[in-house]
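What follows is the residue order along each chain.
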Amino acid sequence: MLHFAKGHGTRNDFVLLTDPDDALDLTPQLVSFLCDRRGGIGGDGVLRVVRGAHVEGWGGDPEVWFMDYRNADGSIAEMCGNGVRVFARHLVDEGLVEPETRTIPIGTRAGLREAELLDDGRVRVWMGRPELTAGTHPTVAMDETDWAAYQVNVGNPHAVIPLGQEHDLLALDLTGSPSVDPVDYPDGVNVEFVEQVSERHVRMRVWERGVGETESCGTGTVAVAVAMAEHEGVATEPTTWTIDVPGGTVEVELRDGQAWLTGPAVIVARGDVAVPEPR
């Protein structure tokens, strides 16, 4: 039996496992089982809570709580913006940090992040310094169309495609996997399609690497804000973007080359699951 929690941020959902001493063998098979929506618990990924000392390649504080994130197919991902908010909420609810703690340091494969629990129940996370590859627009082939994309790194890779008026965001078929040049994206890529609502307000859909279409992607919303700021010629100005995803709404602040993501984080269940014997 394995104890778990289940949470989501704008319906991007995760199975959370508390494993401070690295006692759990988190195999791709186990991750796939846990994320299976019919045979397991169901989720877009698994968030394992472990001390930084047990994570290969982590050079920061060995006592920091590290978010070991795995996609639903068992592959390792560098970062997850919705996941880090849910992770912070879980740390407080499980008593792993003091309840009066307002700012929580969290280790990730994209570096240290800080999460702030707000009075309205949302969580605000410093997302580092996103990187836009200026002057290049690699092609993404999807839905029988070749799309020119903004290339943004938020600790993980993104291709952001602003739609013109001739395309309907809701009509896009995102059931298939996008095709990209591995020279442009050697580690694969998350693909965001964006439609303007009003000034500094957009809506998006996302195809996530290792998962497929999800109802939200936190790093994707940051990538969208960065790309749209460049697209609209306001990349050098402080801006705040409202971004609608199928699972809800988040806010992204851009200032001095840095980004902050604010949105909900909800733990919906806790329990024990019977793990099948390895075959």
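What comes next is a walk through the structure. Computed from a predicted structure; not experimentally measured.

The next subject is the sheet that holds strand β13 (residues 179–180). Across a sheet, strands are paired by hydrogen bonds formed along the backbone, either parallel or antiparallel in direction. With antiparallel pairing, three strands are arranged side by side in an open sheet as β10-β9-β13. Of all strands in the sheet, those with a lone pairing partner are β10 (145–148) and β13, marking the two edges. Note: strand β9 (residues 139–142) against β10, four bridges, orientation antiparallel. Considered in β10, the bridge of Ala-141 is made with Asp-146.

Further remarks concern helix α2 (residues 81–93). Across its 13 residues, α2 extends 19 Å between first and last C-alpha, which sits within 8% of the 18 Å expected from 1.5 Å per residue. In terms of burial, α2 is a largely internal element, 12 of the 13 residues being buried. Within α2, the full set of buried residues consists of Gly-81, Asn-82, Gly-83, Val-84, Arg-85, Val-86, Phe-87, Ala-88, Arg-89, His-90, Leu-91 and Val-92.

Within a regular strand, side chains alternate between the sheet's two faces. Counting buried residues in strand β3 (residues 45–51) gives six out of seven residues, a clear majority hidden from the surface. As paired strands, strand β2 (residues 12–18) and β3 are joined by five bridges and run parallel to one another. Residue pairing in the sheet places Thr-18 in a bridge with Val-49 of β3. Viewed along the sheet, the connection from β2 through helix α1 (residues 28–35) into β3 turns out right-handed. As paired elements, β3 and strand β4 (residues 65–71) share seven bridges and run antiparallel to each other. Across the sheet, the residue bridging to Leu-47 is Tyr-69, located in β4.

The subject of this paragraph is empty space enclosed by the protein. The final tally for this structure, using the stated rule, is one cavity of 30 Å³ or more. A volume near 60 Å³ is recorded for the largest cavity. Around the largest cavity, the lining is made up of 14 residues, and of these Tyr-69, Met-79, Asn-156, Asn-190 and Glu-208 lie nearest the centre. Those elements giving two or more residues to the lining of the largest cavity turn out to be β4 and α3 (218–231). In the lining of the largest cavity, the residues fall into five nonpolar, seven polar and two charged.

Its location among the elements puts Ser-216 in the loop between β16 (212–214) and α3. Exposure remark for Ser-216: the relative accessible area of 0% places this residue in the buried category. A polar atom in the side chain of Ser-216 sits 2.9 Å from the side chain of Asn-82. Apart from the residues lying within four places of it in its own chain, the contact partners of Ser-216 are Gly-9, Thr-10, Asn-12, Asn-82, Val-206, Glu-208 and Val-245.

Taken as a whole and assessed by the stated rule, the structure comprises three aromatic pairs. Plain terms: the ring middles of Phe-14 and Tyr-69 are 6.0 Å apart, the flat faces sit at 75° to each other, and that makes the pair edge-to-face. In this pair, Phe-14 sits in strand β2 while Tyr-69 sits in strand β4, placing the two residues 55 residues apart along the sequence. The two residues Phe-14 and Tyr-69 agree in class, both being buried. Measuring from centroid to centroid gives 5.3 Å for Trp-147 and Phe-193, while their planes differ by 80°, and the two rings are edge-to-face. Taken as a pair, Trp-147 in strand β10 and Phe-193 in strand β14 (residues 190–198) lie far apart in primary sequence, 46 residues in all. Comparing Trp-147 with Phe-193 shows no difference in burial state: the two are buried. Looking at Arg-200, its charged tip hangs above the ring of Trp-241, at a distance of 5.4 Å from the centre.

Rules behind the numbers
- Residues numbered from 1 in each chain as written.
- Predicted model: local features only at pLDDT ≥ 70, side-chain atom pairs only at ≥ 80, totals over all residues.
- Heavy atoms only, no water.
- Pairing = 2+ DSSP bridges.
- Helix = DSSP H or I, 4+ residues; strand = E, 2+ residues; numbered from the N terminus.
- Expected span 1.5 Å × (residues − 1).
- Buried < 20%, exposed > 50% of the residue type's maximum accessible area, 1.4 Å probe, protein only.
- Right-handed = clockwise from strand over helix to strand, strands pointing away.
- 1 Å grid on protein atoms, 1.4 Å probe; cavity = no way out; pocket = protein on both sides within 12 Å on 5 of 7 lines; lining within 4 Å.
- Points joined across faces, edges and corners; volume = space filled by probe spheres on them.
- Nonpolar A, V, L, I, M, F, W, Y, C, P; charged D, E, K, R; others polar.
- Polar contact = N/O pair within 3.5 Å; in protein donor to acceptor, adjacent residues only side chain to side chain.
- Contact = heavy atoms within 4.5 Å.
- Phe/Tyr/Trp six-rings, centres within 6.5 Å; stacked < 30°, edge-to-face > 60°.
- Lys NZ or Arg CZ within 6 Å of the ring centre and 35° of its normal.

Function cannot be read off these values alone, since they describe shape.
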